[in-house]
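Coordinates in review
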Amino acid sequence: MTNELKKLRVKNFLMLLLAGFVNAFGITIFLVPANLYDSGISGTSMLLGYLTPDYLSLSIFLIVLNIPLFLYGLKRQGLAFTIYACFAVASYSFFSWLITYVLPIDVATSSPLAGDDKLLCALFGGLISGVGSGLAVRFGGAMDGIEVLAVIFSKKLGMTVGTFVMIYNVILYIACGFIFESWVLPLYSIIAYYAALKMLDFIVEGISRSKAAMIVTVCPSEVGKALSEAFGCGITEIPAKGGYSGIDRTVIYFVVNRFQVGKMRSIVHDVDPTAYITINEVADIFSANHDKDAVKEIAADEK
């Protein structure tokens with residue numbers, strides 16, 4: 001735990017503060033005045049804010065719903081990520097409250113910048129909030145607890161992280177349609193969600209997929225042990241030889257989720273500063289346990 005705390009960086013906190021402001025700006029200036037909904041827990045918080053008394057605002061629901069999810073994922077994601085994520089959400093909540101209730105900006109009836117144009121509100125609200133969410137992920141945290149749940153449970157449910165989040169959002173938008181007896185706002189909200197997702201993808205480079213790390217090292221035992229202890233999973237070692245130097249090396253194949261890439265890189269370079277790491281996208285992961293029956297059937301057919 002002490003080692004995790006030592007890895008916290010002031011720069012990350014400053015960027016997460018900026019991420020919170022950017023996300024709050026996009027939501028409160030564009031989406032909330034137009035009665036549009038963000039995705040995930042943020043969208044759920046907006047919906048609950050509409051349905052409950054004024055003193056139960058968006059800012060309160062962001063804290064109440066997100067923080068427990070981040071704490072739930074503490075063991076899986078690590079202390080540093082949990083601290084960063086909680087700080088990002090707290091920043092988002094604070095700036096949402098500041099813009100809505102303190103600053104001399106009227107966001108009660110229409111967007112100060114886009115007026116009553118719902119398409120403009122959906123596009124710019126989505127794009128700007130996507131920048132905020134992308135910055136949060138890029139600097140070690142997250143802006144929405146639903147992504148943490150997706151990372152934890154998607155594999156158990158046999159789906160990708162992106163599919164898990166998409167299903168949650170579809171249910172959210174359908175609920176909004178029935179509650180308000182109108183499908184216009186949920187449809188515009190889908191535009192906002194798509195814009196945010198594409199912007200987030202652009203900043204983070206593929207949030208919904210796992211990352212496959214190819215680690216070329218001269219200390220395979222030490223690196224492998226450190227990774228196994230840190231992430232609680234196995235690794236694959238592939239013997240290799242340097243084409244130019246002729247030195248025997250080992251390639252370690254290791255799969256992590258997007259929140260763990262920075263931690264993995266730090267661990268590897270702490271053990272072997274000369275290690276060479278490449279990161280590739282992973283579309284799907286199939287466990288050997290799931291394929292045993294298929295292997296048996298093939299073997300039986302061959303006989």
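Computed from a predicted structure; not experimentally measured.

**Brief notes about the overall build of the protein**
Of regular secondary structure, the protein possesses 13 helices and four strands. Within the protein, the fraction of its 303 residues that count as buried is 45%. Within the protein, residue pairs in contact and separated by at least 24 positions form 73% of the contacts whose partners lie at least 6 positions apart. Of the roughly 16000 Å² of accessible surface on the protein, 64% is carried by carbon and sulfur atoms.

**Some points on the packing of aromatic side chains**
The final tally for this structure, using the stated rule, is 15 aromatic pairs. Here Tyr37 and Tyr50 contribute two aromatic rings whose centre-to-centre distance is 5.8 Å and whose plane-to-plane angle is 75°, an arrangement assigned as edge-to-face. Of the two residues, Tyr37 sits in the loop between α2 (10-31) and α3 (40-51) while Tyr50 sits in helix α3, which places them 13 residues apart along the sequence. Tyr37 gets classed as buried once you look at its relative accessible area, which sits at 2%. The exposure class of Tyr50 is partly exposed, given its relative accessible area of 27%. On the numbers, 6.1 Å between centres and 40° between planes, the contact of Phe94 with Trp97 is tilted. One end of the pair is Phe94 and the other is Trp97, both in helix α6 (residues 79-102) and three residues apart, which spans about a single turn. A residue is classified by how much of its surface remains accessible, and Phe94, at 41% relative accessible area, is partly exposed.

**As for α3**
Every α-helical turn comprises 3.6 residues, leaving residues that sit three or four positions apart pointing alike. For α3, spanning twelve residues, the distance from its first C-alpha to its last is 17 Å, which sits close to the expected 16 Å at 1.5 Å a residue. Turning to α3, its buried residues are Gly40, Ile41, Ser42, Gly43, Thr44, Ser45, Met46 and Leu47.

**Describing the environment of Ser111**
Tracing the sequence through the fold places Ser111 in the loop between α6 and α7 (118-138). The spacing of Ser111 and Thr28 is 83 residues in sequence and 8.4 Å in space, taken between C-alpha atoms. Within the structure, the side chain of Ser111 is placed 2.8 Å from the backbone oxygen of Ile29, a separation counted as a polar contact.

**Examining unusual backbone geometry**
Most peptide bonds are trans, and most residues other than glycine sit at a negative phi. One non-glycine residue, Asn35, lies in positive phi territory at about 60°. Mapped onto the elements, Asn35 comes out in the loop between α2 and α3. Backbone geometry places Glu181, a non-glycine residue, at a positive phi of 55°.

**Topic: the environment of Asn12**
The topology assignment puts Asn12 in helix α2. Among the polar contacts made by the side chain of Asn12, one reaches the main-chain carbonyl oxygen of Phe139 at a distance of 3.0 Å.

**Concerning the pairing of strand β1 (residues 210-217)**
Judged from the seven bridges that link them, β1 and strand β4 (residues 276-282) form a sheet pairing that is antiparallel. Bridge pairing links Val216 to Tyr276 in β4.

**Some remarks on the packing of α2 against α7**
Two numbers describe how α2 lies on α7: the axes approach to 8 Å, and their chain directions differ by 165°. Taken together, the axes of α2 and α7 lie roughly antiparallel to each other. The two elements α2 and α7 cross, and the hand of that crossing is left-handed. Looking at the contact of α2 with α7 residue by residue, the classes come out as 17 nonpolar, seven polar and no charged.

**As for the sheet that holds strand β2 (residues 236-241)**
Spatially, four strands are ordered β2-β3-β1-β4 in an open sheet, and the strand pairing comes out antiparallel. Edge positions in the open sheet fall to β2 and β4, since each of these has one partner strand only. Strand-to-strand twist across the sheet, computed as the mean angle between neighbouring axes with direction ignored, equals 25°. Where β1 lies against strand β3 (residues 248-256), seven bridges are found, and the strand directions are antiparallel. For Val216, the partnering residue across the bridge sits in β3 and is Val251. Relative to β3, helix α11 (residues 220-231) is tilted by about 10°, and along the sheet it contacts β1, β2 and β3. Helix-sheet contacts for helix α12 (residues 261-271) involve β1, β3 and β4, and the interaxial angle to β4 is about 155°.

**Remarks on the confidence of the model for the protein**
Per-chain confidence: the protein averages 82 in pLDDT, with 89% of residues scoring 70 or above. Across the protein, the element-wise mean pLDDT spans from 42 in helix α13 (residues 288-302) up to 94 in α2. Considering only residues more than four positions removed or in separate chains, one finds that residues 290-303, a stretch of pLDDT under 50, has one contact.

Definitions and limits used
- Residue numbers restart at each chain and count upward from 1, following the sequence in its written direction.
- Residues qualify for local features only when their pLDDT is at least 70, as the model is predicted, and side-chain atom pairs are given and counted only at 80 or more; totals for whole chains, interfaces and linings, by contrast, use all residues.
- Side-chain metrics in this entry use all non-hydrogen atoms of the structure; hydrogen atoms and water are not considered.
- In this description a helix means any DSSP run of H or I spanning at least four residues, a strand means any run of E spanning at least two, and both kinds are numbered starting from the N terminus.
- Only protein chains enter the accessibility calculation, which uses a 1.4 Å probe; a residue whose area is less than 20% of its type maximum is buried, one above 50% is exposed, and one in between is partly exposed.
- Here, two residues are considered to be in contact whenever any of their heavy atoms come within 4.5 Å of each other.
- Note on areas: Shrake-Rupley, 1.4 Å probe, and residue coverage restricted to the protein chains presented here.
- We call Phe, Tyr and Trp rings a pair once their centres come within 6.5 Å, taking the six-membered ring for Trp, and we label the pair stacked below 30 degrees between planes, edge-to-face above 60, and tilted otherwise.
- In this analysis, the expected span of each helix is defined as 1.5 Å times one less than the number of residues it contains.
- Any pair of N or O atoms that falls within 3.5 Å is considered a polar contact. Within protein, one atom must be able to donate a hydrogen and the other to accept it, and sequence-neighbouring residues count only if both atoms are side-chain atoms.
- By definition, two strands form a pair when at least two bridges between them are found by DSSP.
- As a rule, the C-alpha atoms of each element are fitted with a line to give its axis, helices using only the stretch in contact, and angles between N-to-C directions run from 0 to 180 degrees.
- The scheme is simple: roughly parallel for angles under 35 degrees, roughly antiparallel for over 145, roughly perpendicular for 65 to 115, oblique for anything else.
- With the far helix as reference, a near helix turned anticlockwise by less than a right angle produces a left-handed crossing, and one turned clockwise produces a right-handed crossing.
- Charged means Asp, Glu, Lys or Arg here, nonpolar means Ala, Val, Leu, Ile, Met, Phe, Trp, Tyr, Cys or Pro, and polar covers whatever is left, Gly included.
- The pLDDT value tells you how sure the predictor is about a given residue, anywhere from 0 up to 100.

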